[in-house]
Amino acid sequence: EVSPVGLAVSTTMNTTETREHLKQMVQEKYSQIAEQSKEVNESSCCGSTSCCSTVDYTVMADDYANLEGYVPGADLGLGCGLPTEFAKIKEGDTVVDLGSGAGNDCFIARSITGETGKVIGIDFTEKMIEKARVNAAKMKFSNVEFRQGDIENMPLAGNIADVVVSNCVLNLVPDKKQAFPETFRILKKGGHFSVSDIVLVGDLPEGLQKSAEMYAGCVAGAIQKDAYLSTIKEAGFTNITIQKEKRITLPDEILKDYLTAEQIENYKNDKTGIFSITVYAEKPEACCAPGCCD
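None of the values given here were measured: they were computed from a predicted structure.

Conventions and cut-offs
- Residues numbered from 1 in each chain as written.
- Predicted model: local features only at pLDDT ≥ 70, side-chain atom pairs only at ≥ 80, totals over all residues.
- Heavy atoms only, no water.
- Helix = DSSP H or I, 4+ residues; strand = E, 2+ residues; numbered from the N terminus.
- Buried < 20%, exposed > 50% of the residue type's maximum accessible area, 1.4 Å probe, protein only.
- Contact = heavy atoms within 4.5 Å.
- Areas by Shrake-Rupley, 256 points an atom, 1.4 Å probe, with all protein chains shown as cover.
- Pairing = 2+ DSSP bridges.
- Axes fitted to C-alpha atoms, helices over the stretch in contact; angles between N-to-C directions.
- Phe/Tyr/Trp six-rings, centres within 6.5 Å; stacked < 30°, edge-to-face > 60°.
- Lys NZ or Arg CZ within 6 Å of the ring centre and 35° of its normal.
- Salt bridge = Lys/Arg side-chain N within 4 Å of Asp/Glu carboxyl O.
- Polar contact = N/O pair within 3.5 Å; in protein donor to acceptor, adjacent residues only side chain to side chain.
- Right-handed = clockwise from strand over helix to strand, strands pointing away.

Caption draft 1: Quick look at the overall build of the protein. Scanning the protein from N- to C-terminus turns up eleven helices and seven strands. Buried residues in the protein amount to 54% of all 294 residues. A separation of at least 24 residues holds for 76% of the contacts in the protein among residues at least 6 apart in sequence. When the accessible area of the protein is evaluated, it comes to approximately 12,700 Å², of which 48% is carbon and sulfur surface.

Here it is, written out as structure tokens:
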């Protein structure tokens, strides 16, 4: 069983051994999550039942239920946005979903690309891939496939995707400076991505840092918003736009265990905090390599 706090500690260490250990922990954690219901995942720490399970409160997930193509059995309640809603997917597009889980965003994307398009889900966890393939088989989708792989080194050829989407996954990737160039590599020239992710703005109150990591779970690997956007730019992307931004509200039941009443009030009124952002960016039409078109 993986502790999100443990993940947070690991992401501060930049060694190959530590990064591989972090990946193993994420894989073990999400193998457990794959076997849980959406309800369990939503009422705990991004799927971890090791903490915060006394608070029944959906921190990050947006509601997919009204979107065309929604498959309830593929929704594990782990997202922090609706990237497919903003991704400008067209009929016939090839879409790649990074961290596809049980297939939720892939099936939404497939409803837009139609029979002439193709959707590929990439996930690091074998049990998630198995669950997604079962869901696809039930729906009899022939143009949706799932591949087990590492986002830092994707099992895909270059220049194949019109659109890349991802939902609350890249913050868990240890080496974001490798993940975004990989995203750049698999996109066609003129292609684009829309990803929802968790970022930090400012320094969280010291007493809250542990609480936020435990309760929000996926916050564990989050970095500062400015650093996140800079990493995207350094990978060669242009027209970087924040399509949606929302502050993650932690309930008073958690805050009061770590902050005084005055500190809670100050935190709620401060610009510092945990945010979900949906970011759009494009791979230039004419560009020789990542970074050459700044």
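Caption draft 2: Focus on the sheet that holds strand E4 (residues 161–167). Taking strand neighbours across the sheet as the criterion, the seven strands line up as E3-E2-E1-E4-E5-E7-E6 in an open arrangement whose pairing is mixed. In this open sheet, the two edge strands, each paired with only one partner strand, are strand E3 (144–148) and strand E6 (238–247). With direction set aside, neighbouring strand axes in the sheet form an average angle of 20°. Sheet topology places strand E5 (residues 187–201) next to strand E7 (residues 273–282); ten bridges connect them, and they run antiparallel. Within the sheet, the bridge partner assigned to Ile198 lies in E7 and is Ser276. Along the sheet, helix H6 (residues 126–139) makes contact with strand E2 (118–123) and E3, crossing E3 at roughly 170°. Where helix H9 (residues 225–234) meets the sheet, it contacts E5, E6 and E7, and its direction lies at approximately 165° from that of E5.

Caption draft 3: Layout of the packing of aromatic side chains. Scanning the model with the defined rule gives six aromatic pairs in all. Judged by centre distance (5.6 Å) and plane angle (50°), the ring pair of Phe107 and Phe141 falls under tilted. Of this pair, Phe107 sits in helix H5 (residues 104–113) while Phe141 sits in the loop between H6 and E3; the two residues are 34 residues apart in sequence, bridging distant segments of the chain. Considered together, Phe107 and Phe141 belong to a single accessibility category, that of buried residues. An aromatic cluster is present here, built from Phe180, Phe184, Phe193, Tyr228 and Phe237 joined pairwise through their rings. When the ring centre of Tyr280 is taken as origin, the NZ or CZ atom of Lys88, which lies over that ring, is 4.3 Å away. Residue placement shows Arg247 over the ring face of Tyr267; its charged tip is 4.7 Å from the ring centre.

Caption draft 4: Quick look at the pattern of salt bridges. Enumeration according to the criterion identifies nine salt bridges in this entry. With a closest N to O distance of 3.1 Å, Glu145 and Lys118 form a salt bridge. With Glu145 in strand E3 and Lys118 in strand E2, this residue pair connects regions lying 27 residues apart in the sequence. Judged by its relative accessible area of 26%, Glu145 falls in the partly exposed class. Take Lys118: its relative accessible area is 34%, and that puts it in the partly exposed class.

Caption draft 5: Focus on the side chain of Asn143. Mapping Asn143 onto the fold places it in the loop between H6 and E3. A polar atom in the side chain of Asn143 sits 3.1 Å from the side chain of Arg110. With sequence-adjacent residues up to four places away left out, Asn143 is seen in contact with Arg110, Gly114, Glu115, Gly117, Lys118 and Val119.

Caption draft 6: View of helix H7 (residues 176–186). Of the residues making up H7, those classed as buried are Lys176, Ala179, Phe180, Glu182, Thr183, Phe184 and Ile186. Taken together, the buried residues of H7 touch strand E1 (94–98), E4, E5 and H9. With a side-chain oxygen lying 3.2 Å from the backbone nitrogen of Lys177, the N-terminal cap of H7 falls on Asp175.

Caption draft 7: Spotlight on the pairing of E1. For E1, the buried fraction is high: five of the five residues fall into the buried class. Of the pairings in the sheet, the one linking E1 to E2 comprises five bridges and is parallel in character. Residue pairing for E2: Thr94 is matched across the bridge by Lys118. As for the winding sense of the linkage, the β-α-β connection from E1 through H5 to E2 is right-handed.

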